[in-house]
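# Observations on the three-dimensional arrangement
Okay, here's what each chain looks like letter by letter:
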Amino acid sequence: MTTYFTKDHEWLKVEGDVATVGITEYAQSQLGDVVFVELPETGKALAQGDEAAVVESVKAASEVYAPVDGEIVDGNADLEGEPAKVNEDPENSAWFFKMKLSNAGQLEELMNEADYKAYVESL
Amino acid sequence: MSMNTQGRPTSAGEAAATAHKTFTGNKALDMEEPLIFEIGRTDICGVDLDEVEDFQPRLGKHERKSEIGLVGLSEPETMRHYVRLSRNNYAIDAGLYPLGSCTMKHNPRLNEKMARLPGFGDIHPLQPISTTAGAFELIDELARWLMETTGTSAVAMSPKAGAHGEQCGMMAIKKALEARGEPRSIVLVPESAHGTNPATAALLGYKVVAIPAREDGTVDVSAVQEKLDLYKGEVAALMLTNPNTCGLFEPQVVEIAKAIHDAGAYFYCDGANFNAIVGKARPGDLGIDAMHINLHKTFSTPHGGGGPGSGPVVLSDRLAPFAPLPFIRKNGSELEVIETRDQLVEGEDPFGRMTAFHGQMGMFVRALSYMLSHGSDGLKQASEDAVLNANYVRVGLQDLMTLPYGEKPCMHEVLFDDTFLDGTGVTTLDFAKAMIDEGYHPMTMYFPLVVHGAMLIEPTESESRASLDLFVATLRDLVMSAKSGETERFAGAPYHAPRRRLDETSAARKPILKWTPPAPAQVEPLVPAE
Amino acid sequence: MRYLPLSNNDRADMLGRVGVDSIDALFADIPANMQIEDLENLPRRKSEMEVERVLSRMASKNVSASSVPFFVGAGAYKHHVPATVDHLIQRSEFLTSYTPYQPEITQGTLQALFEFQTQVANLTGMEVANASMYDGSTGAAEAVLMAHRITKKKKAVLSGGLHPQYREVIEGITHQLPGGSVVSMPADPMGTEDILAQIDDETSCVVVQSPSFYGQLIDLKPIADKAHEHKALLIAVFTEVISLGLVESPGAQGADIVVGEGQSLGNPLTFGGPYVGLFATRQKYVRNMPGRVCGETKDAEGKRGFVLTLSTREQHIRRDKATSNICTNSGLCCLAFSIHMTLLGETGLKKLARINHTNAIKLADMLAGIEGVEVLNDSFFNEFTIRVPANADDVIEALAVNGVLGGLPVSRLEPGKDGVQDLIVVAATEVNTDEDRAAFVSALKEVLA
């Protein structure tokens, strides 16, 4: 299993042709208290950069983009009832959705953990 | 001698200084008030109404079977409930209310009295037109004042508030483009705009393209031109607030208007800040095609805790034919009321209707009462005073607080950023909440979005010099306090308001939007069930 | 000028402090050729007395509802508002406060809004209500847009019993949407239209008014069922909120969104505005609801308090992705509504509704007794439609000349429409006396003779 990161502060864990997607620790710290998460419908096909989910804090709503092309195969229903999980455990149990990759080649353009860390420090 | 045998103490010194927790939770005049649902009863009524005898309904099968779930209070209880609630509110009548872009000015009570004349307050929008000649005369007269002050030749009176006015103006623009056979898809909005601008454009199906602000907080005509070239033939309109939300008059507004018009697009102006320039300049002369006027800002109709507002839209000649129904057509001194399409004559092509009836008549009366009171001289003086007051606050604070665009004159509101709080651990929010403890309503904060930790102060013309002096001194004291590390004055603020800081996170995570009866307490049955 | 606290001395001193010679220096960003010296076509300032004189003269040209036998309804109703209501809403703390963005010092407004939302939700039989829209007509248009967001479909079906101006407001905005369509049914005075046949899989929502514009009570249940079969929503509309004291709630009949005009409680006629739009829906749709909403929470000391919440739906945060562009609502009108409702309570509202209904029945029977006059509705609340053997517009004008404001000729709102040119919508409320009704009947007889 490999973990990738995007400049939009999302992470992907890829197993076979399925990527689990969430937002990073840095993203949750910037958002403040998360109060609502809107997840994509299963079966929806998305292109890289399409709006996939929405994460809301009290005073802001932010879009979560599809990091790569693919089809939504699952959403983390736990987040709908317990949005606070995004603050507590963003890079693990508070994953947003899983997508079936349709263009695995896109992964190569993403960052690894070290690169992402350097990227965040540069902000 | 005669003696005071009860020995009643009359000096304050003998009353102990230590506060104690009260039984009721009240603190003298500061009283806790339950919800009506916790104190009301279903069998109490504060209005005397006769019971209908021998009630024989003609409701078919539609009679209500269920209880409604309402409670009543007698008249004295109702009075007390709402009076107590009212005392938990800040109000312009009670203190300085420097909310930038909101124009919290004095609300004259003459206006209230006029709106309540039976000839205005007690007339029906659909009673015969022949019985409401005075109402149309008032609407027409207010329209004249709005056109004169803005330098335009038409006005749509019916929009119910600012955002509704924006919608009206943008619908007229859309219709005008369709009439030209050139539907377009893009609306340009500067980043500093009020949120209603992009929301309105999106509501009408337009794609919103942002225009960045210049270093000095204003819009550069070349930035507009760049977008017009990039989206050639696709830009329907520019929505620009002027004076803008940074408190600055757009110096290139005439050039911007020209660029917009040369590209075949329309210039929508958000009139939220009209209070700065009434009697000084006319937006029509500057080249706008449509501008809403918030009667509840510039022309003093009360905000009422969030409304009602009123948002008439003045229109250029190019948009006038597309003004919505209803409108008044003038034939000499004769006023003709046009409510339906069959009454239209050539050259009139309304895009539709914004609302039932004729608009916010109650607000029209108040606004006209305000305008008549001021007259042309008073309106101009009010704008000058509003601008002077804002600049007076600016110079009183600019050495301690930070102006994002440098020390230059502002219009009727002054914008600070939070740079001066760097390293203090105090945020804009904390600073605002500490103002509450000092007896002030905070300024508009975190808006406009183009400035970090924005604090937008609009004192209005209603403040005296003494009031401004105290306000400036208070803010200076707060800044000094923040800089000297007295963070607890801010972090926990407000300490003295009816409520401490409220938990907005849990309110949004698990919304409780209405009262529900508490679950009945579990009582052990006396006799165990078999 | 009596509203301006600065003296000329103050102004001069303050300009000195600001560091400019004259006030004009502060307006230097306005291009010089665009500055004006004076608003020359407008008069100078006026004293309070003079303003009163000018406005009173205009007001005196209008016939007020209380001064004559009055039977006009059709979306705005003449009711008695207790004196307490107007006193309370004129308290400075309510009247001159802004939107409660600083909850610590606006708990008064916020708690009143929370109570208002509860009253509206309970009245309509729904789970949640917002803190008001501008009025019933704009609320109805917002409801259609909300249904489009939820169903991701764009066809609205509007009943022929919907207030014609509400229909026009809905048509106006939905026609602006790419792909939006509206099916408007023909005028339906008796509630006999077959709206079920119009509902299909493309339908986003069905908009039905009950009591209808013509006064007829409509069975919403079958319409809700059919709509739900096609994954469409039922939007139930009312213009007379007092009807809910006597008529089954739209919520109990399966409505998904309920919108209505709340003017009847607490708010004077004022020629059509400001009024208060009531808006309620199901819990599951709350995040698609437009407008402000107030919620309960706790403060840092654990005390109950109220805040505006779910703001991420709104324009000031979501900008071009907001559920609506609405900002200012009808705050003070909600307060008036809520105070009047609190004075009435459950018992009072029901009593008031019975009086209204009874007065309407009495009037309907009296009018039906006039030769040539027909009452069209078999069930109604406080409003019904009559057919007269003449042009309705002329009849109403003639009645006005005789000192009776006798209702709305449908042709005023529906000019040239088939089958409505001889119809008058007549409203009766608790303000009408036996004398008023007798005057109406005798004037109508005279006019028709």
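Residues numbered from 1 in each chain as written. Chains lettered and ligands numbered in written order. Predicted model: local features only at pLDDT ≥ 70, side-chain atom pairs only at ≥ 80, totals over all residues. Heavy atoms only, no water.

### Topic: the overall build of chain A
Helices and strands together make up the secondary structure of chain A, namely four helices and nine strands. Secondary structure elements of chain A occur, N-terminal to C-terminal, as β-β-β-α-β-β-β-β-β-α-α-β-α. In terms of overall size, chain A behaves like a compact globule, its C-alpha atoms giving a radius of gyration of 13 Å where 123 residues would be expected to give roughly 14 Å. If one aligns the C-alpha atoms of chain A with their principal axes, the spans along those axes are about 35 × 35 × 20 Å. Counting all 123 residues of chain A, 48% fall into the buried class. Across chain A, contacts joining residues at least 24 apart in sequence account for 59% of those joining residues at least 6 apart. Each charge sign in chain A was given a centre, from 8 positive and 26 negative side chains, and these centres are 2 Å apart. (Helix = DSSP H or I, 4+ residues; strand = E, 2+ residues; numbered from the N terminus. Rg over C-alpha atoms; globule rule 2.2 N^0.38 Å. Buried < 20%, exposed > 50% of the residue type's maximum accessible area, 1.4 Å probe, protein only. Contact = heavy atoms within 4.5 Å. Lys, Arg positive; Asp, Glu negative; His and termini not counted. Charge placed at Lys NZ, Arg CZ, Asp CG, Glu CD.)

### With respect to unusual backbone geometry
Excluding glycine, most residues fall at negative phi; most peptide bonds, likewise, are trans. A cis geometry characterises the amide bond from B:Gly307 onward to B:Pro308, with omega recorded as 0 degrees. Position of B:Pro308 relative to the elements: it lies in the loop between strand E6 (290-292) and strand E7 (313-315). Here the amide bond leading from C:Gly273 into C:Pro274 is cis, since omega sits at 5 degrees, within 30 degrees of zero. Note on placement: C:Pro274 falls in the loop between strand E6 (257-261) and strand E7 (277-281).

### A closer look at the nonpolar core
Grouped together as the largest cluster of nonpolar side chains are 124 residues, with contacts concentrated most on B:Leu146, B:Phe299 and B:Phe431. In terms of residue count, helix H11 (residues 361-397) of chain B provides more of this core than any other element does, 17 residues in total. Apart from the residues within four sequence positions on either side, B:Leu146 is in contact with B:Val155, B:Met157, B:Ile293, B:Leu295, B:Phe299, B:Pro312, B:Val314 and B:Met371. Among the nonpolar cores identified, the runner-up in size contains 88 residues, and B:Ala176, B:Ala290, B:Ala356 and C:Val72 belong to it. (Core = buried A, V, L, I, M, F, W, Y, C linked by side-chain atoms within 4.5 Å.)

### Observations regarding the interface of chain A and chain B
At the junction of the two partners, chain A supplies nine residues and chain B supplies five residues. Of the roughly 550 Å² buried between chain A and chain B on both sides combined, carbon and sulfur atoms contribute 47%. When the buried surface of chain A facing chain B is broken down by residue, A:Asp33, A:Val35 and A:Val58 rank first, second and third, together holding 59% of it. Applying the counting rule to chain A against chain B returns zero salt bridges. Between chain A and chain B we count four residue pairs in polar contact (both at pLDDT 80 or more) in total. Of the residues assigned to the side of chain A that touches chain B, the class counts are five nonpolar, two polar and two charged. (Buried area = accessible area lost by both parts, 1.4 Å probe. Salt bridge = Lys/Arg side-chain N within 4 Å of Asp/Glu carboxyl O. Polar contact = N/O pair within 3.5 Å; in protein donor to acceptor, adjacent residues only side chain to side chain. Nonpolar A, V, L, I, M, F, W, Y, C, P; charged D, E, K, R; others polar.)

### Regarding the interface of chain C and chain B
Every contact between the two is made by 190 residues of chain C and, on the other side, 206 residues of chain B. Linking chain C to chain B there are 19 salt bridges. Residues B:Glu67 and C:Lys350 are paired through a salt bridge, measuring 3.3 Å at the closest nitrogen-oxygen approach. The interface formed by chain C and chain B contains 106 residue pairs in polar contact (both at pLDDT 80 or more). Of the residues forming the side of chain C that touches chain B, the biggest block, 24 residues, is contributed by helix H10 (residues 331-368) of chain C. Here the side of chain C that touches chain B is composed, by residue class, of 90 nonpolar, 56 polar and 44 charged.

### Side note on the sheet that holds strand E5 (residues 45-46) of chain A
Residue and element names in this part refer to chain A. On the basis of which strands lie adjacent, the open sheet formed by six strands has the order E1-E2-E3-E9-E8-E5 and antiparallel pairing. Because the sheet does not close on itself, it has two edges, and the strands there are strand E1 (2-5) and E5. Note that strand E3 (residues 18-23) and strand E9 (residues 97-101) share four bridges and pair antiparallel. For Val18, the partnering residue across the bridge sits in E9 and is Lys100. (Pairing = 2+ DSSP bridges.)

### A few points about the packing of aromatic side chains
Each aromatic ring pair is described using two quantities: the centre-to-centre distance and the angle formed by the ring planes. Scanning all chains against the criterion turns up 17 aromatic pairs over all chains. Geometrically, the ring pair formed by B:Tyr90 and B:Tyr97 is edge-to-face, given 5.3 Å between the ring centres and 70 degrees between the ring planes. A relative accessible area of 10% places B:Tyr90 in the buried class. Where B:Phe274 meets B:Phe299, the ring centres are 6.4 Å apart and the plane angle is 80 degrees; that geometry is what we call edge-to-face. Of the two residues, B:Phe274 sits in the loop between strand E5 (266-270) and helix H10 (283-286) while B:Phe299 sits in the loop between E6 and E7, which places them 25 residues apart along the sequence. As far as burial versus exposure is concerned, B:Phe274 and B:Phe299 are alike and both buried. If you follow A:Lys13 out to its NZ or CZ, it ends over the ring of A:Trp11, 4.7 Å from the centre. A cation over an aromatic ring shows up here: A:Lys98 above the ring of A:Trp95, its NZ or CZ 4.8 Å from the ring centre. (Phe/Tyr/Trp six-rings, centres within 6.5 Å; stacked < 30°, edge-to-face > 60°. Lys NZ or Arg CZ within 6 Å of the ring centre and 35° of its normal.)

### Observations regarding the pairing of strand E4 (residues 235-241) of chain B
Residues and elements named next belong to chain B. The buried fraction of E4 amounts to seven of the seven residues, a majority that puts the element mostly inside the structure. Across five bridges, the pairing between E4 and E5 is parallel. Across the sheet, residue Met239 finds its bridge partner in E5, namely Tyr268. Remark: the E4/helix H9 (residues 253-262)/E5 crossover connection has right-handed handedness. (Right-handed = clockwise from strand over helix to strand, strands pointing away.)

### What to know about a negative patch on the surface
All names here are of chain B. There is a patch of like negative charges on the surface, built from Asp48, Asp50, Glu53 and Asp54. Checked against the element boundaries, Asp54 lands in the loop between helix H1 (36-39) and helix H2 (75-86). With a relative accessible area of 65%, Asp54 lands in the exposed category. (Patch = residues over 30% accessible without salt bridge, like charges linked within 9 Å, V, L, I, M, F, W, Y side chains within 5 Å. Areas by Shrake-Rupley, 256 points an atom, 1.4 Å probe, with all protein chains shown as cover.)

### Some details on the sheet that holds strand E10 (residues 414-416) of chain B
Residues and elements named next belong to chain B. Ordered in space as E10-E12-E11, the three strands form an open sheet in which the pairing is antiparallel. Of all the strands in the sheet, the pair left with one neighbour each is E10 and strand E11 (444-445). Inspection of the sheet shows E10 paired to strand E12 (residues 455-457) by three bridges, in the antiparallel sense. Following the sheet pairing, Phe416 is matched in E12 by Met455.

### Side note on the environment of A:Glu109
When you line up the elements, A:Glu109 lands in the loop between E9 and helix H4 (113-122). Along the backbone, A:Glu109 and A:Ala94 are 15 residues apart, and their C-alpha atoms lie at a distance of 24 Å.

### Details of the domain arrangement of chain C
Interfaces are often sized by the accessible area lost when the parts come together. Residues and elements named next belong to chain C. Examined at the domain level, chain C breaks down into domain 1 (69-80 + 346-448) and domain 2 (83-339). Computed from C-alpha atoms alone, the centre-to-centre distance between domain 1 and domain 2 is 27 Å. Listed as interface residues are 32 residues of domain 1 and, on the opposing side, 26 residues of domain 2. Note on domain 1 versus domain 2: buried area summed over both sides is about 2,500 Å², and carbon and sulfur give 63% of it. Its largest share of buried area at the contact with domain 2, domain 1 owes to Tyr77, Phe381 and Leu413, together 23% of the area lost on that side. The partner of Arg167 in a salt bridge is Glu414, with the nearest N and O atoms 2.9 Å apart. Linking domain 1 to domain 2 there are 13 residue pairs in polar contact (both at pLDDT 80 or more). (Domains from an automatic or database assignment.)

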